[in-house]
Amino acid sequence: MAEVGVLLLNLGGPDKQEDVRPFLYNLFADPEIIRIPVPPLQKPLAWLISTLRAPKSRKNYQAIGGGSPLRAITNQQGRVLKKALAARGLDIEIYVGMRYWHPFTEEAVRKIKADGIRRLVLLPLYPQYSISTSGSSFKLLDQMWARDPSLKAIERIAINSWYSRPGYIRAMGERVREGLDKFDNPDGVHILFSAHGVPRTYVDQDGDPYQRQTEETVDLVMQALGRPNAHSLAYQSRVGPVEWLKPYTEDTINALAQQGVRSLLAVPVSFISEHIETLQEIEIEYREVAEAAGIHDFRRAKALNVNKTFIDDLAEMVIENLGVYSR
Ligand SMILES: C=CC1=C(C)c2cc3[nH]c(cc4nc(cc5[nH]c(cc1n2)c(C)c5CCC(=O)O)C(CCC(=O)O)=C4C)c(C)c3C=C
Ligand SMILES: [Fe+2]
Ligand SMILES: [Fe+2]
C-alpha cells in the first residue's frame, strides 16, 4: 500500500433530486459561504435558506438529468491522475473529499487514516484560491487535525492555488481554440470568460485573492491562445441580495449584444469540471439571454474534465510539491 496520498478537494453536488435540499443545507451552514453575524443563527438560517432555494435548485438539477455530474467526473479525474503518477514511477493513492456532499471530506480522511498514509498532498480542484472554496476545505481539515491527535502523524502538503500553472493555461487555451474553430469566422467571435462570483466583501474587506487570480488566469489564457479575438470577463451564479463581483455575466451578454456582438463563445473559467453552472446556467440560462438579446451564434467551451494536458500538469504539480523526482 502506498504511503503517499493525494486528497482531491471539491465542493460536491447532489447525486439525485432528494439530495438537493440537504446538500444546500450543508452549503449554507458553512460560515465561509454565508456569513451570519450571530453564530447560533447559522444553522436555523441555513435550514430556512436551503428550504426556500430547494425548489428552484431542484428544477435546475432536473434540467441536467436530476443531479450533479461532479462526483463521477471528480472520481474519473482521480483515476486518470493515479495513472499519470504511475506512468512517472510513483505509487500514490488518490482520495476524493467533497465539502458539502458525498464522498464527504470526513469519509476521505477516515480512509486515509485506515490506509496508513504518511504524506498527504491537499489538492483543491479550484485553480484560483477563494476563502469560500479551497479556504473552507482547508479550514475543515485544520479542525479535523486539531481534534484527532492520531492524524498528526500524517504530514499535510497544501497546494493553495495553481491558476498560472503552464499545463492548466495551455489546456484552457486548447479548449478555447476548439470552441472558436466551430464558428464560421473564428476571429470575429467575442470570448466571454465566465467565472463563479463571490460576494464583493470577500475581496474588498477580507482580502480574498480570487478576483486577482481569476483576472490573471484570463490574461494568461489569452496569451497562450495567441488569437486576435476581443474578450471580456464576467461573474456568474450570484446568490442572495448582497453585491457580488461585477460585471455579472447576464449584464455583460446584454451589453455585448448592444455593442453589436453576434457570435459569442462562453468560457467557464473557475470551473474545471462540467457541473450545474456550466451545463444549466451557461448552456441553458445564458443561451436564452444571448438569443433574446440577438446573439444567435452562442457556443460554450467545454470544461477541462480529464483533458490530458491538464491532468499531466496536475501530476507534475503533485510531484513538485512532494519534492520527489519522477522517472
Ligand atoms: C470557483 C468555484 C466556486 C466558488 C468561488 C463558489 C462560491 C460560492 N458558491 C455559492 C453558492 C452555491 N454554489 C453552488 C454550487 C456550486 N458552486 C461551485 C463552485 C464555486 N462556488 C460548484 C462546483 C458547485 C456545485 C455544482 C454542482 O454541479 O452541483 C450552489 C448550489 C447550486 C445552486 O443552487 O445554484 C450554491 C447555492 C456561494 C454563496 C459562494 C460564495 C460565497
Ligand atoms: Fe458555488
Ligand atoms: Fe447557478
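Keep in mind it's a predicted model, so treat the numbers as computed, not measured.

Q: Quick question: what am I supposed to make of the overall build of the chain here?
A: The helix and strand tally for the chain stands at 11 helices and 8 strands. The globule rule puts the C-alpha radius of gyration for 327 residues at 20 Å, and the 20 Å found for the chain is close to it. Each of the three principal axes of the chain carries a C-alpha extent, and together these read 60 × 55 × 40 Å. Taking all 327 residues of the chain together, the buried fraction comes to 55%. A separation threshold of at least 6 residues defines the contact pool for the chain, and within that pool the share at least 24 residues apart is 80%. Taking the 40 positively charged and 40 negatively charged side chains of the chain as two groups, their mean positions are separated by 4 Å.

Q: What's the story with the sheet that holds strand β5 (residues 190–196) in this structure? I'm lost.
A: Strand pairing in a sheet takes place through backbone hydrogen bonds and is either antiparallel or parallel in direction. A sheet is described by the order of its strands in space; here 4 strands give the open sequence β6-β5-β7-β8, paired in parallel fashion. Two strands bound the open sheet, and with one partner strand each, they are β6 (231–236) and β8 (297–300). Pairwise comparison of adjacent strand axes, ignoring direction, gives a mean angle of 25° for this sheet. Judged from the 5 bridges that link them, β5 and strand β7 (residues 263–268) form a sheet pairing that is parallel. Following the sheet pairing, histidine 190 is matched in β7 by leucine 264. Here helix α6 (residues 166–180) sits on the sheet in contact with β5 and β7, set at roughly 155° to β7.

About the criteria used
Residues numbered from 1 in each chain as written. Chains lettered and ligands numbered in written order. Predicted model: local features only at pLDDT ≥ 70, side-chain atom pairs only at ≥ 80, totals over all residues. Heavy atoms only, no water. Helix = DSSP H or I, 4+ residues; strand = E, 2+ residues; numbered from the N terminus. Rg over C-alpha atoms; globule rule 2.2 N^0.38 Å. Buried < 20%, exposed > 50% of the residue type's maximum accessible area, 1.4 Å probe, protein only. Contact = heavy atoms within 4.5 Å. Lys, Arg positive; Asp, Glu negative; His and termini not counted. Charge placed at Lys NZ, Arg CZ, Asp CG, Glu CD. Pairing = 2+ DSSP bridges. Axes fitted to C-alpha atoms, helices over the stretch in contact; angles between N-to-C directions.

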